[in-house]
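# Coordinate analysis (summary)
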Amino acid sequence: MLDVFTWFANWLVYDLGGFDPNSKLGTSVHFFVEDTTKIFALLVVMIYIIALMRASLNLERVRHYIQQKNRLAGYGFGAGFGAITPFCSCSSIPLFLGFTSAGIPLGITMAFLFTSPIINEVAVIMLWSLLGWEFTLVYIAIGMAVGIGGGMLLDAVRGERWLKDFAAKAYQQAAETPTDEQPLPEQPRLTFRNRHEFARDELKEIVGRIWKWVIIGVGLGAALHGFVPDGWFADNLGSGQWWNVPAAVLAGLPLYSNATGVIPIMESLIMKGLPVGTTLAFCMSTVAASFPEFIMLKQVMQWRLLAIIFVILLANFMVVGWVINLLTPWLFSGRF
């Protein structure tokens with residue numbers, strides 16, 4: 001039985017619009033209409049619900065809580081907080097500075113910064129609707145592992161040595177201040193009306209920021225879906241050679257997108273035969289290791305720390321791509 005979004009796309013594109021369902025243009029337009037309506041409907045509902053639950057979140061208490069926990073729990077908490085916050089890599093940097101100024105270990109802060117652009121509620125909603133719950137859970141697990149593993153490595157090499165002077169000074173001062181001397185601000189109790197207004201404003205802000213990425217991403221995905229011959233990606237980048245994954249990672253570096261814009265492209269690439277691991281490596285590189293992000297990070301980090309972060313990310317993405325390609329027959333049997 002066709003779902004409501006497929007029915008609507010059939011009616012609008014084929015019945016009302018008169019497009020030929022067997023033509024490349026008709027197939028592309030149908031893909032665009034179906035995915036766009038599905039994504040926006042889910043985003044509006046889920047972002048509002050999640051914002052209602054997050055309305056009382058106090059960032060100062062989050063920082064205090066992380067400081068009280070052991071380091072391993074802190075990595076998990078930092079990555080988890082990055083996963084539930086609706087920030088792109090560039091908008092995460094002010095919060096990164098806030099965490100650093102609070103004296104939170106750099107590894108925990110970087111676990112947050114690594115995870116935040118890769119995983120957020122928008123990406124999860126879209127992945128679930130487009131590629132299914134199995135792929136979504138694997139994606140979340142990978143994003144968390146990248147954040148936690150990267151944070152642990154940066155603490156192991158004492159990466160705070162290579163912050164810019166102003167950031168290093170703020171970090172050192174906060175780290176030397178006992179936690180119990182840092183007062184916690186009171187968080188006012190919110191009524192349901194307050195929560196509704198917060199959720200409404202956040203919904204407007206997030207949708208206002210990402211709608212163009214949805215349109216661009218679905219548009220590119222629709223073009224790939226309708227006009228690229230079946231098997232082209234499989235023939236050219238899916239040969240199973242070891243270099244396919246590094247090539248995909250490097251191809252994603254000059255590009256910039258958030259997870260919202262890249263997920264429809266991911267769907268089309270997989271449907272056209274590009275291996276799941278290779279596709280995932282390309283998309284994670286585009287989202288979390290792009291040149292615009294590193295230009296932003298240069299404001300608070302020295303080149304040596306940037307280079308270490310760059311290598312950590314690229315190594316993670318390549319390993320993820322190779323491993324997922326090997327496990328695809330078992331993880332996604334019958335789907336891809």
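See the structure above.
Below or above, wherever it landed, is the structure these notes cover. (Residues numbered from 1 in each chain as written. Predicted model: local features only at pLDDT ≥ 70, side-chain atom pairs only at ≥ 80, totals over all residues. Heavy atoms only, no water.)

Here we take up the overall build of the chain. Helices and strands together make up the secondary structure of the chain, namely 16 helices and zero strands. For the chain, with 336 residues in total, the buried portion stands at 48%. Across the chain, every contact between residues at least 6 apart in sequence was considered, and the portion connecting residues at least 24 apart equals 84%. Surface summary for the chain: the accessible area is close to 15,800 Å², and the carbon and sulfur share equals 66%. (Helix = DSSP H or I, 4+ residues; strand = E, 2+ residues; numbered from the N terminus. Buried < 20%, exposed > 50% of the residue type's maximum accessible area, 1.4 Å probe, protein only. Contact = heavy atoms within 4.5 Å. Areas by Shrake-Rupley, 256 points an atom, 1.4 Å probe, with all protein chains shown as cover.)

Using the criterion set out here, one finds two salt bridges in the structure. R193 serves as the salt-bridge partner of E197, at 3.4 Å between the closest nitrogen and oxygen. Separated by four residues within a single helix, E197 and R193 lie in helix α10 (residues 192-227), roughly one turn from each other. Given a relative accessible area of 27%, E197 falls into the partly exposed group. Since its relative accessible area comes to 61%, R193 is described here as exposed. R200 is paired through a salt bridge with D201; the nearest N and O atoms lie 3.4 Å apart. You can call R200 partly exposed: its relative accessible area is 33%. (Salt bridge = Lys/Arg side-chain N within 4 Å of Asp/Glu carboxyl O.)

Overall, the coordinates contain three aromatic pairs when judged by the stated rule. Arranged with centres 6.1 Å apart and planes meeting at 40°, the rings of F8 and W11 form a pair that is tilted. With F8 and W11 both in helix α1 (residues 4-16), this residue pair falls three residues apart, about one helical turn. The exposure class assigned to F8 is partly exposed, which follows from its relative accessible area of 29%. Take W11: its relative accessible area is 36%, and that puts it in the partly exposed class. Each residue in the set W7, F8 and W11 is aromatic and connected to the rest through ring pairs, giving one cluster. (Phe/Tyr/Trp six-rings, centres within 6.5 Å; stacked < 30°, edge-to-face > 60°.)

Time to look at unusual backbone geometry. Residue R158 is not a glycine yet carries a positive backbone phi of 55°. Classification of R158 as partly exposed rests on a relative accessible area of 46%.

This part covers the packing of helix α12 (residues 244-252) against helix α16 (residues 303-331). In the contact formed by α12 and α16, the axes pass within 9 Å of each other and the chain directions differ by 135°. By the angle class used here, α12 and α16 are oblique. Crossing of α12 against α16: the hand is right-handed. For the pair α12 and α16, the contacting residues are V245, P246 and V249 in the first and L314, F317, M318, G321, W322 and N325 in the second. Tallied by class, the residues present in the contact of α12 with α16 amount to seven nonpolar, two polar and no charged. (Axes fitted to C-alpha atoms, helices over the stretch in contact; angles between N-to-C directions. Parallel < 35°, antiparallel > 145°, perpendicular 65-115°, else oblique. Left-handed = near helix turned anticlockwise from the far one by under 90°. Nonpolar A, V, L, I, M, F, W, Y, C, P; charged D, E, K, R; others polar.)

So, about the packing of helix α8 (residues 133-156) against α16. The geometry of a pair of packed helices is captured by two quantities: the angle between their axes and the separation between those axes. α16 packs onto α8 with a crossing angle of 145° between their chain directions and a minimal axis gap of 10 Å. In the packing of α8 onto α16, the handedness of the crossing is right-handed. Together, V138, I142, V146, G150, L153 and L154 of α8 and L305, I308, I309, I312, L313, N316, F317, V320 and I324 of α16 make up the contact between the two elements. In terms of residue class, the contact of α8 with α16 is built from 13 nonpolar, two polar and no charged.

For the rest of this paragraph, the subject is the nonpolar core. Core analysis: the largest hydrophobic core is formed by 73 residues, its most contacted members being F135, M266, L280, M301, I309 and F317. Of all the elements, α16 adds the most residues to this core, at nine residues. (Core = buried A, V, L, I, M, F, W, Y, C linked by side-chain atoms within 4.5 Å.)

Let us look at helix α4 (residues 71-84). Here α4 contains 14 residues, and its C-alpha end-to-end distance of 20 Å stays within 8% of the 20 Å for a straight helix at 1.5 Å per residue. For α4, the full list of buried residues reads G74, Y75, G78, A79, F81, G82 and A83. (Expected span 1.5 Å × (residues − 1).)

This part is about α16. The terminal C-alpha atoms of α16, which comprises 29 residues, lie 39 Å apart, in line with the 42 Å expected from a rise of 1.5 Å per residue. Of all the bends in α16, the largest measures some 40° and sits at N325, one to four residues before the proline P329. Residues of α16 that are buried include every one of L305, L306, I309, I312, L313, L314, F317, V320, G321, I324 and T328, and no others. (Bend = angle between axes of the 7 residues up to and from the residue.)

Nonpolar side chains collect at one region of the surface, where W242, W243, V319, W322, V323, L326, L327, W330 and L331 lie side by side and expose about 980 Å² of accessible area between them. Along the polypeptide, W322 turns up in helix α16. (Patch = residues over 30% accessible without salt bridge, like charges linked within 9 Å, V, L, I, M, F, W, Y side chains within 5 Å.)

Quick look at the side chain of T36 now. With respect to the helices and strands, T36 occurs in helix α2 (residues 24-54). Here the side chain of T36 touches F32 through a polar contact of 2.6 Å, landing on its backbone oxygen. (Polar contact = N/O pair within 3.5 Å; in protein donor to acceptor, adjacent residues only side chain to side chain.)

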